[in-house]
Amino acid sequence: MWDAFITLMINILLFIYNLIGQNFGWAIIIFTVLVRVVTYPLTAQQTKSSKAMQELQNSKKWQDIQKKYKDDKETLAQKQMEIYKEMGIKPFGSCLPLLIQFPIIIGLYQAIIRTLAVTPLQLVNLSKHINDGANLIPINSQFWWMELSEPERLPIFGIGIPILAILVVITSYIQTKMISPSGGAPSDGGQGAQMTQAMTLYMPFLMGYLALTFASGLGLYFIASNLATIAQYMITGQANFKNILPKLPNFNR
Amino acid sequence: MTKMKKILFITILAVLALGLGACTGRRVVAAGWSGVTADEETVYFSYGPQAYAVSLKNGVQQWKYPAEPISGVDFYAAPVFTPDGEQLILASYKNEIHSISPDSGIKNWSYSVPADSRTSARFIDSPLTSEKGIFAPASNNTLYALDLNGNLLWEYQTEDPLWASPIWSENCECLYQVSMDHHLYALDAESGSLRWKSEDLGGPIVSPPAITDSGLIIVSTFNNEVIALNESSQEVEWRFTTSNWAWASPLVNGEQVYVSDISGNFYALELATGDILWQIQPGGGIYDAPLVKDELIYISTDTSSLVIVNQEGVVQGNQPVEGKLYAGPISGGDKLLLAPSESEYYLIALNQSGVQTWGFPPADK
């Protein structure tokens, strides 16, 4: 099942690669954007559920029961469920779309890395996923200054600067900040806020570390994915610029 | 943050990191299969970060090189002797060619490919060694010619990576180098100048061609074809269509030539015409040339078995082996040597009855 899914992803990636004149860098970017477009309904649903949950947690009713039953966890949970039911909110409504997207994202990573077969065993593996396409091999993995199958460094005055990893950190940070709600914090004791802050801090560095050490094709995917997400939020008017530049007026709808 | 949420958060990060790690596997993704060379007493092979010399008699390690692994440096190409037998040449997956003493495993010299900001030079297959020098094909599309002291003589660039060793032709006194750019190049060994270049052979070529005394060069291609070229006319003499990519080198045996594909089809063709004589499908992909020994043909497959066939195409036996056999069998003295992948052993020696006499896990494994 998983193998068939990866095979599909690899063949779509190779189809795009061939269609655009055998440039693997652009193939990664286009494929990433396509996957983002296809999974947009899931992203939108996740955002909607998160927003509803955020509003609920900031409501007076919610905060009142937090205070009232703070020493009685069982009743608190029961009351919370009642409020969810009353307001038609599914507590895990924002998790499910994320869980569905997760294998798609992992599959996309795997497709990119497997297609960039640069050693015999990797090529053996790739050959099991493609029916035809021998003429596309070897994949042209040169893109701008990068060799997509290797970690990227741009030599400047003799020093290899990891431009891609830096861009991954920056775009990941902007993306995480931009999609966080203004003020970030539900006032339920700050749990959500702490979680958001931790994500904002750690996630860009984790992504940057991966981009620094793994093949640069992955780093390119991260940047394309981050920019696609930012664009998606901007188009739908959900981008929260105030988290990045607090002096800006709020453009949120 | 509650304890539960902290655990959940860390778990998500870990899963993401591990998920990505699992996808990419290795950082610079260096992975091939073991290359093996043997003389009458010792077997030399490379696998991963080190190369080993092992007694053919009992599988006891004599030395390993380097003594301690060097981060990011792997060896998979078979070590090869220089013509005088004084040096063992070992090419790495990361920019370097090493000369070591066959007796002690101590380094004589090493050559480093000039650093390129983008691409590493992986030496996937072994260099060709001769009195004229050392000719090492690299994945950065370049054939490097060194003298026997490790000094660069010349370089030759093709359009795509070079995964196969060059071969020497007595007829034209030149080198033949195949490339993933679909071409075969005839090069002057002294100067590296191009003598001639074949027409587009239709697909990438990743294994050394076979050459006959009569001047027939036989090439396996990923275009599901085996093609015989006439060395004198440089024209195609015959073509044979396989069911899938022809990865392994052809092997000439008398008036027959054995070819195969990655779907596991093994064919015996008439050398002069390319007409099929017989075909078997022993099961499992075939990625390396077979071995002919004592009138029998030994074929490695990636389904954990060594298949033994007679020269009429009748299967004589099937030797199960732990792991996958991408590398072809090698003859060493009276033994048959196998280098399985995904196995607890790096090397297995079988006696004439097919019984394992020793396996080699290195002492510190």
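What you are looking at is a predicted structure, and each value in this text was computed from that prediction instead of being measured.

**Student:** Lay out the overall build of chain A with the relevant residues and their values.
**Tutor:** Along the backbone of chain A there are 10 helices and 4 strands. Taken from the N to the C terminus, the helices and strands of chain A come in the order α-α-α-α-α-α-α-β-β-β-β-α-α-α. Taking all 253 residues of chain A together, 34% fall into the buried category. Restricting the contact set of chain A to residue pairs at least 6 apart, pairs at least 24 apart contribute 73%.

**Student:** How would you explain the overall build of chain B if you had to name every residue and give the values?
**Tutor:** Each helix and strand counted, chain B has 1 helix and 32 strands in total. A separation threshold of at least 6 residues defines the contact pool for chain B, and within that pool the share at least 24 residues apart is 39%.

**Student:** How would you explain the pairing of strand E20 (residues 236–241) of chain B if you had to name every residue and give the values?
**Tutor:** Residues and elements named next belong to chain B. Here strand E19 (residues 225–230) runs beside E20; their pairing, made up of 5 bridges, is antiparallel. Each residue of the ladder has a partner; that of Leu229, found in E20, is Val236. Here E19 folds back onto E20 in antiparallel fashion, the turn holding 5 residues, of which Gln234 has a positive phi close to 65°.

**Student:** Requested: an account of the sheet that holds strand E15 (residues 184–187) of chain B, with residues and values cited.
**Tutor:** Residues and elements named next belong to chain B. Reading across from one edge, E13-E14-E15-E16 is the order of the 4 strands in this open sheet, with antiparallel pairing throughout. Every other strand in the sheet has two partners, leaving strand E13 (167–169) and strand E16 (194–197) as the edge strands with one partner each. Between one strand and the next, the sheet's axes are offset by a mean angle of 25°, whatever the strand orientation. Relative to E16, E15 is paired through 3 bridges, and the arrangement is antiparallel. Each bridged residue has a counterpart across the sheet, and for Ala186 the counterpart in E16 is Trp196.

**Student:** I'd like to hear about the nonpolar core, residue by residue, with values.
**Tutor:** Counting 147 residues, the largest nonpolar core has A:Ile112, A:Ala211, A:Leu218, B:Val36, B:Phe45, B:Val219 and B:Leu347 as its most contacted members. Not counting chain neighbours up to four residues away, the residues in contact with A:Ile112 comprise A:Leu13, A:Ile28, A:Gly217, A:Leu218 and A:Tyr221.

**Student:** Account for the environment of B:Trp278, naming residues and giving values.
**Tutor:** All names here are of chain B. Position of Trp278 relative to the elements: it lies in strand E24 (residues 276–280). For the pair Trp278 and Ala136, spaced 142 residues apart in sequence, the C-alpha to C-alpha distance is 36 Å. With residues near it in sequence (within four places) discarded, Trp278 still touches Ala268, Glu312 and Gly313.

**Student:** Kindly report on the confidence of the model for chain A, identifying the contributing residues and their values.
**Tutor:** Per-residue pLDDT for chain A has a mean of 82; in total, 86% of the residues score no lower than 70. For chain A, helix H9 (residues 191–213) of chain A is the element with the lowest average pLDDT, namely 77, and helix H7 (residues 120–127) of chain A is the one with the highest, namely 94.

**Student:** Just give me the short version of the environment of B:Val113, but keep the residues and values in it.
**Tutor:** Residue and element names in this part refer to chain B. Inspection of the secondary structure assignment puts Val113 in the loop between strand E8 (107–112) and strand E9 (128–130). Residue class for Val113 comes out buried when judged on the 21 C-beta atoms lying within 10 Å of it. C-alpha of Val113 to C-alpha of Ile97: the two residues are 16 residues apart in sequence and 8.3 Å apart in space. Those residues within four positions of Val113 in sequence are excluded, and the remaining contacts are Asn95, Ala121, Ala138 and Tyr144.

**Student:** Which residues make up the pairing of strand E12 (residues 152–157) of chain B, and what are the values?
**Tutor:** Residues and elements named next belong to chain B. Here strand E11 (residues 142–146) runs beside E12; their pairing, made up of 5 bridges, is antiparallel. Note on E12: the bridge partner recorded for Leu143 is Tyr156. A loop of 5 residues connects E11 with E12, the two strands running antiparallel in sequence, and Gly150 in this loop sits at a positive phi of about 85°.

**Student:** Outline the packing of helix H1 (residues 2–19) of chain A against helix H2 (residues 24–38) of chain A, supporting the account with residue identities and numerical values.
**Tutor:** Between two packed helices, both the angle of their axes relative to each other and the distance between the axes serve to describe the pair. Residues and elements named next belong to chain A. At a closest axis distance of 9 Å, the pairing of H1 and H2 adopts a crossing angle of 125°. With respect to H2, the axis of H1 lies oblique. Considering only the axes of H1 and H2, their crossing is right-handed. Seen from H1, the contacting residues are Ile12, Leu13, Ile16 and Tyr17; seen from H2, they are Phe24, Ala27, Ile30 and Phe31. Its residues assigned to classes, the contact of H1 with H2 comprises 8 nonpolar, no polar and no charged.

**Student:** Describe H7(A), naming the residues involved and giving the relevant values.
**Tutor:** Here H7(A) lies mainly inside the structure; 6 of its 8 residues are buried. Residues of H7(A) that are buried: A:Pro120, A:Leu121, A:Gln122, A:Leu123, A:Val124 and A:Ser127.

**Student:** Tell me about the confidence of the model for chain B, and please be specific about residues and values.
**Tutor:** Regions with low pLDDT carry predicted coordinates that are not meant to be interpreted in detail. Residues and elements named next belong to chain B. In the predicted model, chain B carries a mean pLDDT of 90, and 90% of its residues have values of at least 70. Below a pLDDT of 50 lies the segment residues 21–30, which in the model reaches 23 contacts outside its immediate sequence neighbourhood of four places, other chains included. Two numbers describe this predicted complex: its pTM, 0.85, and its ipTM, 0.90.

What counts and what doesn't
- Residues numbered from 1 in each chain as written.
- Chains lettered and ligands numbered in written order.
- Predicted model: local features only at pLDDT ≥ 70, side-chain atom pairs only at ≥ 80, totals over all residues.
- Helix = DSSP H or I, 4+ residues; strand = E, 2+ residues; numbered from the N terminus.
- Buried ≥ 20, exposed ≤ 12 C-beta atoms within 10 Å, placed from the backbone.
- Contact = placed C-beta atoms within 7 Å.
- Pairing = 2+ DSSP bridges.
- Axes fitted to C-alpha atoms, helices over the stretch in contact; angles between N-to-C directions.
- Core = buried A, V, L, I, M, F, W, Y, C linked by C-beta atoms within 7 Å.
- pLDDT = per-residue confidence, 0-100.
- Parallel < 35°, antiparallel > 145°, perpendicular 65-115°, else oblique.
- Left-handed = near helix turned anticlockwise from the far one by under 90°.
- Nonpolar A, V, L, I, M, F, W, Y, C, P; charged D, E, K, R; others polar.

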